[in-house]
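Descriptive structure summary
As a plain string of letters, each chain reads:
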Amino acid sequence: MIVGHIFYSIEILRYGKRFMTNLSSGKSEETGARNVIDYYKYWKDEAIKADLDDNRNNFGILCVNIHGDFNIGSIIRNANAFLAKEVIIFGRKKYDKRGTVGTHNYTSFRHVKEVDELPNLPIIAVDNTPGAANVLTYVFPTTYFLLAFGEESVGLPQSILDIAISTIYIPQYGSVRSLNVGVASGIMMHEVCRKWKV
């Protein structure tokens, strides 16, 4: 019990009033356990999201007709890790939230069914199509934009490629034609943040 009191005292000293205001059991009401850094361990879900919202990076994610709960869950998890402003799901809406390890609780979502419902924002398509630019040398905009990812087997539909300001790809060195879309999303988001933060 003494250890517990010491922990709470240290946390109050480190994080002050915000720690006490946002205090929770350390468990998600939905899953019973959360995958969060120690700083947020005892915060309520809505308080974590509000705090993250204050520090979001200036890009969003557009998931276009992506099937497979693992893929959507991985993208949402990556969007949290790299503090994307929002995730827009185009087409199929339902997915198994367990794959997000709770990060869907701290993410802003939109769902659209048609191209003309998309927000009027620059779209950068991620696809290994002929003429695509290498992400290693690509210069990302500093204004808000969307990174668009499509289903692995077919890529992005032409309707999205037609309105994209650029198409970029991740260079590969083996025999496989493409990366898993969840993996590709993590690489792309990291590259955006790396270039902005250096």
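Residues numbered from 1 in each chain as written. Predicted model: local features only at pLDDT ≥ 70, side-chain atom pairs only at ≥ 80, totals over all residues. Heavy atoms only, no water.

Some thoughts on the pairing of strand E1 (residues 59-64)
The line we're drawing: Here's how the labels work: a residue is buried when its accessible area is under 20% of the maximum for its type, exposed when over 50%, partly exposed in between, all with a 1.4 Å probe on protein chains only. Put simply, DSSP marks the helices as runs of H or I at least four residues long and the strands as runs of E at least two long, and each gets a number from the N terminus on. One bridge is not enough; two strands pair if DSSP finds at least two bridges between them. Orienting the strands away from the viewer, one traces the path from the first strand over the helix to the second; a clockwise path indicates a right-handed crossover.
Along E1, 6 of the 6 residues are buried, which leaves the element largely enclosed by surrounding structure. Burial along E1 is two-sided: the face carrying Phe59, Ile61 and Cys63 and the face carrying Gly60, Leu62 and Val64 are both buried. The pairing of E1 with strand E6 (residues 145-150) spans 6 bridges and is parallel. Across the sheet, residue phenylalanine 59 finds its bridge partner in E6, namely phenylalanine 145. Judged from the 4 bridges that link them, E1 and strand E2 (residues 87-90) form a sheet pairing that is parallel. Across the sheet, residue valine 64 finds its bridge partner in E2, namely phenylalanine 90. For the crossover that starts at E1, traverses helix H3 (residues 69-81) and ends in the parallel E2, the hand is right-handed.

So, the sheet that holds strand E3 (residues 109-112)
Pairing between the strands of a sheet is mediated by backbone hydrogen bonds and can be parallel or antiparallel. Using the following cut-off: Contacts were defined at the residue level, with two residues in contact if any of their heavy atoms lie within 4.5 Å. In this description, a line fitted to the C-alpha atoms serves as the axis of each element, helices being fitted only across the stretch in contact, and the angle between N-to-C directions of two axes falls anywhere from 0 to 180 degrees.
The 7 strands lie next to each other as E3-E2-E1-E6-E4-E7-E5, forming an open sheet whose pairing is parallel. A strand with exactly one partner marks an edge of an open sheet, and here the two such strands are E3 and strand E5 (133-134). The sheet contact formed by E2 and E3 spans 4 bridges and is parallel. Opposite phenylalanine 90, over in E3, you have valine 112 as the bridge partner. Taken strand by strand, H3 contacts E1, E2 and E3, and its axis lies near 180° from that of E1.

Some details on H3
Test applied: Here the expected length of a helix is defined as 1.5 Å per residue gap, with one fewer gap than residues.
Compared with an ideal rise of 1.5 Å per residue, which puts 13 residues at 18 Å, H3 spans 18 Å between its outermost C-alpha atoms and is within 8% of the ideal. Asn71, Ile72, Gly73, Ser74, Ile75, Ile76, Asn78, Ala79 and Asn80 are the residues of H3 that are buried. Its buried side turned inward, H3 meets helix H2 (45-53), E1, E2, E3 and helix H5 (181-197).

Thoughts on the packing of aromatic side chains
Put simply, the rule is: In summary, the pairing rule links any two rings of Phe, Tyr or Trp, Trp by its six-membered ring, whose centres are within 6.5 Å, and it sorts them by plane angle into stacked for under 30 degrees, edge-to-face for over 60 and tilted for everything else.
Evaluation of the coordinates by the stated rule reveals 8 aromatic pairs. Measuring from ring centre to ring centre gives 5.0 Å for tyrosine 40 and tryptophan 43, while their planes differ by 85°; the resulting arrangement is edge-to-face. Seen from their ring centres, phenylalanine 140 and phenylalanine 145 are 5.8 Å apart, and the 15° between their planes marks the pair as stacked. Per residue, the accessibility class of phenylalanine 140 equals that of phenylalanine 145, and both read buried. Aromatic ring contacts, followed pair by pair, group Phe59, Tyr138, Phe140, Phe145 and Trp196 into a single cluster.

Describing H2
Our working definition: Here, the arc refers to the directions that run from the helix axis to the C-beta atoms.
Taken together, the buried positions of H2 are occupied by Asp45, Ala47, Ile48, Asp51 and Leu52. On an axial view of H2, the arc spanned by its buried residues comes to 165°, and they lie on one face.

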